[in-house]
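Chain residues, written in single-letter form:
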There are 2 protein chains.
Amino acid sequence: MTEDEPTTEDGVWLDCSNSAVRRAARRLGQLYDDAMGETGLKGTQFSLMTQIVRSEEPTLKRLAKAMVMDLSALGHTLKPLIRDGLVELVPDEQDRRAKRVRLTAAGVAKQRELLALWQQAQNRFDEAFGREQAEELRRTLAFISSSEFTQAFSRKQDQ
Amino acid sequence: MTEDEPTTEDGVWLDCSNSAVRRAARRLGQLYDDAMGETGLKGTQFSLMTQIVRSEEPTLKRLAKAMVMDLSALGHTLKPLIRDGLVELVPDEQDRRAKRVRLTAAGVAKQRELLALWQQAQNRFDEAFGREQAEELRRTLAFISSSEFTQAFSRKQDQ
DNA sequence: TTGATTTACTGGTATATACCACTATATATG
DNA sequence: CATATATAGTGGTATATACCAGTAAATCAA
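Residues numbered from 1 in each chain as written. Chains lettered and ligands numbered in written order. Predicted model: local features only at pLDDT ≥ 70, side-chain atom pairs only at ≥ 80, totals over all residues. Heavy atoms only, no water.

With an unreviewed UniProt entry as reference, chain A is termed MarR family transcriptional regulator, source organism Neorhizobium lilium.

See the structure below:
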């Protein structure tokens, strides 16, 4: 083997937390998307649909907060799912500014179908990474995603 | 305080590694982008420019690998930086299929300017999260990003 | 009750990122 | 050498995601 095309990923800049987490997100995106197979949906879309179920007809605002996502970004992300009849928006009765998000019947069925595929990917992740460590990593990442962490980060601003 | 608008982020689906890492990526993206301030660039663009420097005139292919990014995605991501005169592509002498990526003089200056802002954000992160833990997290994420991990994950495929 | 402010969402625009089909170049094979 | 194959990059299209400027509805204040 000559020295070109090194298999070791040399020279990678590993010092930035932001960069590190995005790299990992790209990698896991590929892995989980693969696992979604021929369903036509991506891992991100499955996550979003699952969060909608968990949140029990959240408003867009609340769902955006749960996803740590910009409200308008969420709106755009939902469009393909609405177009494909998996998700629908229902005006709130009390507050006519608000819209509630829910899965359609087709959406519920699709989410169930994807759940099995997701579980396989998740199992593979846990086995490859170690179940204990995987759980700890998810807790760690949830902490970083929390507004508590954002506040701690922001407080450091003034020296 | 009444029970509407709960400040606790309840009902968040925390079980998915893919979802967890993306949520954290969105959060850190906001934080690091903020830190880039009025420079007109985002944290991702700074990371990319820094990786270009570290890789010493990589080809697009090698840079994509270092970033754990799809080759064509990298091409698209580079476009605004090329348009703004911060990055340039130079055809390789030996292999005329390949193009090498490098910062222009303006790009080098800009990267240095951003470095100081990035360092502040990174310091805040390390203080808020704990320096030791931050380093361990980055190592962990680098492992997940590695092809070694992808192989381990993929081997689990066949039961 | 009316005017000011805040809140929830929408649409536009820009970057981030992936996959696919295509082109051009390089390499391997008979 | 000529052809088959593999490699590097480009362009199109689609989703992911952010910020900003608007609109409409709710709430607060005088």
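This part covers the packing of aromatic side chains. Considering all chains together, one arrives at 20 aromatic pairs over all chains under this definition. Aromatic side chains A:F129 and B:F149 sit 6.3 Å apart centroid to centroid with 85° between the ring planes, which places their arrangement in the edge-to-face category. Of this pair, A:F129 sits in helix α5 (residues 105-129) while B:F149 is found in helix α7 (residues 147-155), placing the two residues in two different chains. Side by side, A:F129 and B:F149 carry an identical accessibility label, which is buried. On the numbers, 6.5 Å between centres and 40° between planes, the contact of A:F153 with B:Y32 is tilted. You can see A:F153 sitting in helix α7 (residues 147-155) and its partner B:Y32 sitting in helix α1 (residues 17-36), one on each of two chains. Following the ring pairs from residue to residue traces out a cluster consisting of A:Y32, A:F125, A:F129, B:F143, B:F149 and B:F153. (Phe/Tyr/Trp six-rings, centres within 6.5 Å; stacked < 30°, edge-to-face > 60°. Helix = DSSP H or I, 4+ residues; strand = E, 2+ residues; numbered from the N terminus. Buried < 20%, exposed > 50% of the residue type's maximum accessible area, 1.4 Å probe, protein only.)

All names here are of chain B. When the terminal C-alpha atoms of α1 are compared, their 28 Å separation across 20 residues agrees well with the 28 Å that a helix rising 1.5 Å per residue should span. Summarising burial for α1: 15 of the 20 residues are buried, a large majority. Looking at the residues trailing α1, positive phi occurs at G37, about 55°. (Expected span 1.5 Å × (residues − 1).)

Any two side chains of opposite charge can pair, on the condition that their charged atoms come close. Taken as a whole and assessed by the stated rule, the structure comprises 18 salt bridges over all chains. With its nearest N and O atoms 3.5 Å apart, the salt bridge here joins B:R131 to B:D126. The buried category is assigned to B:D126, whose relative accessible area is 5%. One connected set of salt bridges, linked through shared partners, spans A:E57, A:E88 and A:R102. (Salt bridge = Lys/Arg side-chain N within 4 Å of Asp/Glu carboxyl O.)

Right, let's get into the interface of chain A and chain B. At the interface, 66 residues of chain A touch 66 residues of chain B. Sorting the residues of chain A by area buried against chain B places A:W13, A:R124 and A:F153 first, and these three jointly supply 12% of that buried surface. Inspection of the chain A/chain B interface yields zero salt bridges. Linking chain A to chain B there are 26 residue pairs in polar contact (both at pLDDT 80 or more). Those elements that place two or more of their residues in the side of chain A that touches chain B are α1 (17-36), α2 (43-55), α3 (60-67), α5, α6 (131-145) and α7 of chain A. Examining the composition of the side of chain A that touches chain B, we find that 16 residues originate from one element, α1(A), more than from any other. Per-class residue counts for the side of chain A that touches chain B are 30 nonpolar, 21 polar and 15 charged. (Contact = heavy atoms within 4.5 Å. Buried area = accessible area lost by both parts, 1.4 Å probe. Polar contact = N/O pair within 3.5 Å; in protein donor to acceptor, adjacent residues only side chain to side chain. Nonpolar A, V, L, I, M, F, W, Y, C, P; charged D, E, K, R; others polar.)

Size it by volume and the largest pocket reaches roughly 930 Å³. Lining the largest pocket we find 33 residues, and of these A:R22, A:A25, A:R26, B:R22 and B:A25 sit closest to its centre. Breaking the lining of the largest pocket down by element, the ones donating at least two residues are α1 and α2 of chain A together with α1, α2 (43-55) and α4 (71-83) of chain B. Broken down by element, the residue count for the lining of the largest pocket peaks at eight residues, all from α1(B). Its residues placed into classes, the lining of the largest pocket shows nine nonpolar, 15 polar and nine charged. (1 Å grid on protein atoms, 1.4 Å probe; cavity = no way out; pocket = protein on both sides within 12 Å on 5 of 7 lines; lining within 4 Å. Points joined across faces, edges and corners; volume = space filled by probe spheres on them.)

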